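# Structural overview for review
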Amino acid sequence: KKDGGEGQENGGGGMISRTNPNFASFESIRDEMTRRPLLRHVGDDAAATANTATATTTTTTTASGNKINNNHHRIAVPPPDEVTFGTVLAACERSGEWTELLHVAKAAVEYGVRLDGMALTSALHSCQQLGLADEALEYLEHMKHLGDDNNDNKEEQTTRGRQRKGAKQPLRGPDGVAYRLAISACARSPGGHRWQDGVRLLEEMRSSNNTACAPDVVAYTAAIAGCSEAGEYNRAMELIGQMRREGIRPNVVTFSAVINACASASANARGREDDGDESAGLAGGG
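Residues numbered from 1 in each chain as written. Predicted model: local features only at pLDDT ≥ 70, side-chain atom pairs only at ≥ 80, totals over all residues. Heavy atoms only, no water.

Residue position: Thr221 is located in helix α10 (residues 217-230). For the pair formed by Thr221 and Val252, sequence separation is 31 residues and the distance between their alpha carbons is 9.7 Å. In contact with Thr221, not counting residues within four places along its chain, are Asn251, Val253 and Thr254. (Helix = DSSP H or I, 4+ residues; strand = E, 2+ residues; numbered from the N terminus. Contact = heavy atoms within 4.5 Å.)

The geometry of helix α6 (residues 117-130) relative to helix α8 (residues 176-187) is characterised by a closest axis approach of 8 Å and an angle of 25 degrees between their N-to-C directions. Considering their axes alone, α6 and α8 lie roughly parallel with respect to each other. The way α6 lies across α8 gives a crossing that is left-handed. When α6 is examined against α8, the residues Thr121, Leu124, His125, Cys127 and Gln128 are found in contact with a partner set consisting of Val177, Ala178, Leu181, Ala182, Ser184 and Ala185. (Axes fitted to C-alpha atoms, helices over the stretch in contact; angles between N-to-C directions. Parallel < 35°, antiparallel > 145°, perpendicular 65-115°, else oblique. Left-handed = near helix turned anticlockwise from the far one by under 90°.)

Moving on, we get to the confidence of the model for the protein chain. Residue-level pLDDT values for the protein chain average 75, and 59% of them are 70 or greater. The secondary-structure element of the protein chain with the lowest mean pLDDT is strand β2 (residues 15-16), recorded at 38, while α8 shows the highest, at 96. With pLDDT under 50 throughout, residues 36-55 is counted as low confidence; its partners more than four residues away or in other chains account for 26 contacts. Here residues 154-164 is modelled with pLDDT under 50, and outside its nearest four sequence neighbours on either side it reaches 24 contacts, counting other chains as well. (pLDDT = per-residue confidence, 0-100.)

For the rest of this paragraph, the subject is the state of the cysteines. Following the criterion strictly, the structure yields zero disulfides and no others. Distance from the sulfur of Cys127, which forms no disulfide, to the nearest cysteine sulfur (Cys186) is 9.8 Å. (Disulfide = S-S within 2.5 Å.)

This part covers the pattern of salt bridges. Inspection of the entire model under this criterion finds 10 salt bridges. Between Lys144 and Glu141 there is a salt bridge whose closest N-O contact spans 3.7 Å. Of this pair, Lys144 and Glu141 both sit in helix α7 (residues 133-144), three residues apart, roughly one helical turn. A relative accessible area of 29% means that Lys144 is categorised as partly exposed. Across the pair Asp197 and Arg200 runs a salt bridge, and its minimum N-O distance is 3.6 Å. With a gap of three residues between them, Asp197 and Arg200 both fall in helix α9 (residues 195-207), about one helical turn apart. With relative accessibility at 17%, the residue Asp197 sits in the buried group. Classification of Arg200 by relative accessible area gives partly exposed; the value is 37%. Because the salt bridges share partners, they merge into one network encompassing Asp134, Glu141, Lys144, Arg194, Asp197, Arg200 and Glu204. (Salt bridge = Lys/Arg side-chain N within 4 Å of Asp/Glu carboxyl O. Buried < 20%, exposed > 50% of the residue type's maximum accessible area, 1.4 Å probe, protein only.)

For the rest of this paragraph, the subject is the packing of α8 against α10. It is the contact of α8 with α10, at a shortest axis distance of 8 Å, that shows an interaxial angle of 10 degrees. The orientation of α8 relative to α10 falls into the category roughly parallel. For the pair α8 and α10, the sense of crossing is left-handed. Contacts between α8 and α10 pair Arg180, Ile183, Ser184 and Ala187 from the former with Val218, Ala219, Ala222, Ala223, Ala225, Gly226 and Glu229 from the latter. Within the contact of α8 with α10, the residues separate by chemical class into seven nonpolar, two polar and two charged. (Nonpolar A, V, L, I, M, F, W, Y, C, P; charged D, E, K, R; others polar.)

Taking 1.5 Å per residue as the helical rise, helix α11 (residues 233-245) with its 13 residues ought to reach 18 Å, and the 19 Å between its terminal C-alpha atoms agrees with that figure. All of the buried residues in α11 are Ala236, Leu239, Ile240, Gln242 and Met243. Angularly, the buried residues of α11 cover 155 degrees about the axis, an arc narrow enough to put them on a single face. Those residues of α11 that are exposed and aimed more than 90 degrees away from the buried face are Arg244 and Arg245. Gly247 occupies a position one or two residues after α11 and carries a positive phi of about 80 degrees. (Expected span 1.5 Å × (residues − 1). Arc of directions from axis to C-beta.)

Structure representation (structure tokens):
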């Protein structure tokens with residue numbers, strides 16, 4: 001059925017919509033998850049009874065003197081785990097809720113949940129969209145330590161014996177996608193002040209023994225875009241020359257970034273000349 005005349009199909013049959021009182025918003029999910037630490041500190045008894053339900057009965061007396069028994073069921077819900085947070089992060093990513101995504105990722109870290117490679121990639125995507133270089137470098141660093149424990153236990157990818165739907169092979173370190181997102185986040189940093197971090201990450205890709213981290217036209221273009229924002233046309237020209245030597249063909253976006261770098265450098269030079277002429281005029285007038 002449809003609720004309120006509008007809705008969208010919910011795979012399991014039936015419809016859900018924003019007019020449905022059962023619709024869960026991002027805010028309600030976040031609020032629910034942030035309440036879970038209270039269960040975590042109850043003690044071992046709460047953990048032992050996480051999958052059990054208890055029932056209590058209260059008696060209500062109506063105005064006519066009749067007594068009604070009310071059964072209240074209290075269910076102890078297990079705390080969110082890696083898969084829970086990863087699923088919420090994926091939902092935020094698909095909806096373009098970039099700021100909310102980072103809030104959930106931060107809550108996961110504070111909660112003591114170790115994010116997997118897929119969740120960290122979602123966080124990097126958010127940093128790229130918002131131009132947050134510091135946060136992107138932090139999540140990339142987390143990703144570099146994913147394989148430290150060398151734990152191949154598949155239980156990490158399951159919740160109560162059920163495989164996470166759509167789960168891929170767990171990442172044991174950053175891949176090309178993660179590096180490209182981090183480089184782009186540095187390039188989009190306001191004022192182009194983090195262009196050097198983007199170039200450094202590109203060099204990490206070039207020196208990596210992992211073929212999945214080999215730089216491509218997207219990685220080079222992102223690094224050049226950072227140089228463009230900062231007006232570093234010499235470095236932009238070096239990078240495009242390096243691309244050609246490595247057999248990577250620049251595209252129209254790459255050339256546009258190099259042209260913009262030259263234009264920014266020219267504008268900055270004219271600005272410095274104008275400032276110099278103005279200072280000289282003031283000195284002469286004095």
